[in-house]
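The chain contents come next:
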Amino acid sequence: MLNIFSIDNGRLAGLAPEAFDAPDAGQLRPIWVDLEDPSPDDKAWVLKHFGLSIPEDAVDDDLEESARFYEEDDGQLHIRSDFLRLDEEGASRNVRVAFILHRRVLFSVRKEELPVFRLLRMRARRTPALIDDAKDVLLKLYDADAEYSADALEGIYDALNAISARVLKEQVTDEEAGEVLTAIAREEDLNGRIRRNVMDTRRALSFMMRSRMLTAEQFEDSRQILRDIDSLDSHTAFLFDKINFLMDATVGFININQNKIIKIFSVASVALLPPTLIASVYGMNFDFMPELKWTYGYPFAIGLMVVSVAAPFIYFKRKGWLR
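Let me sum up the structure you'll find in this document. (Residues numbered from 1 in each chain as written. Predicted model: local features only at pLDDT ≥ 70, side-chain atom pairs only at ≥ 80, totals over all residues. Heavy atoms only, no water.)

Remarks on the overall build of the chain
Each helix and strand counted, the chain has eight helices and seven strands in total. In terms of C-alpha radius of gyration, the chain reaches 35 Å, well past the compact-globule figure of 20 Å for 323 residues. Projecting the C-alpha coordinates of the chain onto the three principal axes gives extents of approximately 125 × 35 × 30 Å. Looking at the chain as a whole, 40% of its 323 residues are labelled buried. Taking the contacts inside the chain whose residues are at least 6 apart along the sequence as the reference set, 68% of them involve residues at least 24 apart. (Helix = DSSP H or I, 4+ residues; strand = E, 2+ residues; numbered from the N terminus. Rg over C-alpha atoms; globule rule 2.2 N^0.38 Å. Buried < 20%, exposed > 50% of the residue type's maximum accessible area, 1.4 Å probe, protein only. Contact = heavy atoms within 4.5 Å.)

A few points about the side chain of Gln 218
Considering the arrangement of structural elements, one finds Gln 218 in helix 6 (residues 216-271). Exposure remark for Gln 218: the relative accessible area of 3% places this residue in the buried category. Looking at Gln 218, its side chain comes within polar contact range of the side chain of Asp 133, at 3.1 Å. Apart from residues no more than four positions distant in its own chain, Gln 218 is found in contact with Asp 133, Lys 135, Asp 136, Leu 139 and Met 213. (Polar contact = N/O pair within 3.5 Å; in protein donor to acceptor, adjacent residues only side chain to side chain.)

With respect to the pattern of salt bridges
Pairing is possible between side chains that carry opposite charge, provided their charged atoms lie close to one another. Counted by the stated rule, this structure contains 20 salt bridges. Here Asp 34 ties to Arg 110 by a salt bridge, and the two come within 2.4 Å at their closest N and O atoms. Of this pair, Asp 34 sits in strand 3 (residues 30-36) while Arg 110 sits in strand 7 (residues 105-110), and the two are 76 residues apart along the sequence. For Asp 34, a relative accessible area of 0% gives the class buried. In this structure, Asp 233 engages Arg 202 in a salt bridge whose closest nitrogen and oxygen atoms are separated by 3.6 Å. Of this pair, Asp 233 sits in helix 6 while Arg 202 sits in helix 5 (residues 174-210), and the two are 31 residues apart along the sequence. (Salt bridge = Lys/Arg side-chain N within 4 Å of Asp/Glu carboxyl O.)

A short note on the packing of helix 4 (residues 134-167) against helix 6
Running from amino to carboxyl end, helix 4 crosses helix 6 at an angle of 20 degrees, the nearest separation of the two axes being 10 Å. Here helix 4 lies roughly parallel to helix 6, going by the angle between them. Seen along the crossing, helix 4 lies across helix 6 with a hand that is left-handed. A breakdown of the residues in the contact of helix 4 with helix 6 according to their chemical character gives 18 nonpolar, eight polar and five charged. (Axes fitted to C-alpha atoms, helices over the stretch in contact; angles between N-to-C directions. Parallel < 35°, antiparallel > 145°, perpendicular 65-115°, else oblique. Left-handed = near helix turned anticlockwise from the far one by under 90°. Nonpolar A, V, L, I, M, F, W, Y, C, P; charged D, E, K, R; others polar.)

Quick look at the environment of Arg 318
Within the element layout of this structure, Arg 318 appears in helix 8 (residues 297-319). In this structure, the C-alpha to C-alpha distance between Arg 318 and Ile 131, residues 187 residues apart in sequence, is 77 Å.

With respect to helix 1 (residues 40-50)
Taken as a whole, helix 1 has its buried residues at Asp 42, Lys 43, Trp 45, Val 46 and Phe 50. Buried residues of helix 1, viewed axially, fall in a sector of 155 degrees; they line one side. When the buried face of helix 1 is taken as reference, the exposed residues oriented beyond 90 degrees from it are Pro 40, Asp 41 and Lys 48. Close packing links the buried residues of helix 1 with strand 1 (2-8), strand 3, strand 6 (92-102) and strand 7. (Arc of directions from axis to C-beta.)

Observations regarding the environment of Asp 221
With respect to the element layout, Asp 221 can be found in helix 6. Taking the C-alpha atoms as reference points, Asp 221 and Arg 193, separated by 28 residues in sequence, lie 24 Å from one another.

Overview of the sheet that holds strand 3
Strand order in the open sheet formed by seven strands is 2-1-3-7-6-5-4, and the pairing between neighbours is mixed. Each edge of the sheet is formed by a strand with only one pairing partner; in this case those strands are strand 2 (11-15) and strand 4 (69-71). Taking the axes of each pair of neighbouring strands and ignoring which way they run, one obtains an average angle of 25 degrees across the sheet. In terms of strand pairing, strand 4 meets strand 5 (residues 77-86) through three bridges, oriented antiparallel. Considered in strand 5, the bridge of Phe 69 is made with Ile 79. Of the strands in this sheet, strand 3, strand 5, strand 6 and strand 7 are in contact with helix 4, which crosses strand 5 at around 25 degrees. (Pairing = 2+ DSSP bridges.)

Let's talk about unusual backbone geometry
A positive phi angle is found at Asn 9, which is not glycine, with a value near 55 degrees. Within the secondary structure layout, Asn 9 lies in the loop between strand 1 and strand 2. We classify Asn 9 as exposed; its relative accessible area is 68%.

What to know about the packing of helix 5 against helix 6
Helix 6 packs onto helix 5 with a crossing angle of 160 degrees between their chain directions and a minimal axis gap of 9 Å. In this view, helix 5 runs roughly antiparallel relative to helix 6, as classed from their interaxial angle. The chirality of how helix 5 crosses helix 6 is left-handed. Of the residues contributing to the contact of helix 5 with helix 6, the split by class is 21 nonpolar, seven polar and eight charged.

Quick word on the pairing of strand 1
Remark: a regular strand shows side chains that alternate across the two faces of the sheet. When strand 1 meets strand 3, the two strands line up antiparallel, connected through five bridges. The residue bridging Phe 5 from the neighbouring strand is Trp 32, located in strand 3. Note: strand 1 against strand 2, five bridges, orientation antiparallel. Of the residues in strand 2, the one forming a bridge with Phe 5 is Gly 14. Between the antiparallel neighbours strand 1 and strand 2 lie two residues, among them Asn 9 with a positive phi of about 55 degrees.

So this is what it looks like as structure tokens:
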């Protein structure tokens, strides 16, 4: 999919690809060409009208900074950044986007639709003077991504509060503890993705600021975004601490439940030791055992076993060890 945008009366406006084949195409001033899962025809169109060849590995997952942030000899600026995406099912992932700044036009290449891009298009069409040039588009995308990450962090905090209400109650079953651990792991994964995402955005902004490609106003906007990212970074650290606390508390409840089971077996083992001893004594094969020929010997032995079992249980109950 190929989307082309220009500035019309201070607002972002779409341009049809067919307009570039018209006689007055020289008057068009595009600032942003967005390629979503581009086909070979889309790349050929960009090469024909802008003289830019889109690399085949534009969105490869290469983490080396030299491969993600660099400037060509002809002035082309290449940036590869990760953007957060949350699905309706609750799954999260980071999507790689390649940016190329070529002849005052920003080209973005991605494999799927992203909420941040949709949000920026909506705002730029409604708010006048939000975007002036291609570099503003890139900065506003990073700004929207930081805001999107902040909303996701608020969602994590709300989810953890709901988990806390389940964990910090009087009784937690093993089944509930298993569900809680699954929910905690899901929020921890999302929090980690957000932290990686804001770290990547910080690196991209720092590269743009070092390259001296920004105006004074854009430079200040970049510094503000970095301050927002710093606050998000500290918030992710706080959430990691909360996640670890809830994880430890949940595992602690599981251990308590297991200890209760082990305690029951331990009490039963101790209570059955005296009758076992009695049965062992009367199971001996000695010739002279007076109780063997006693008429009430068998009921006496059974009664003695019952008393020897009841006495420990009564003692343990009074001590509170059976709770």
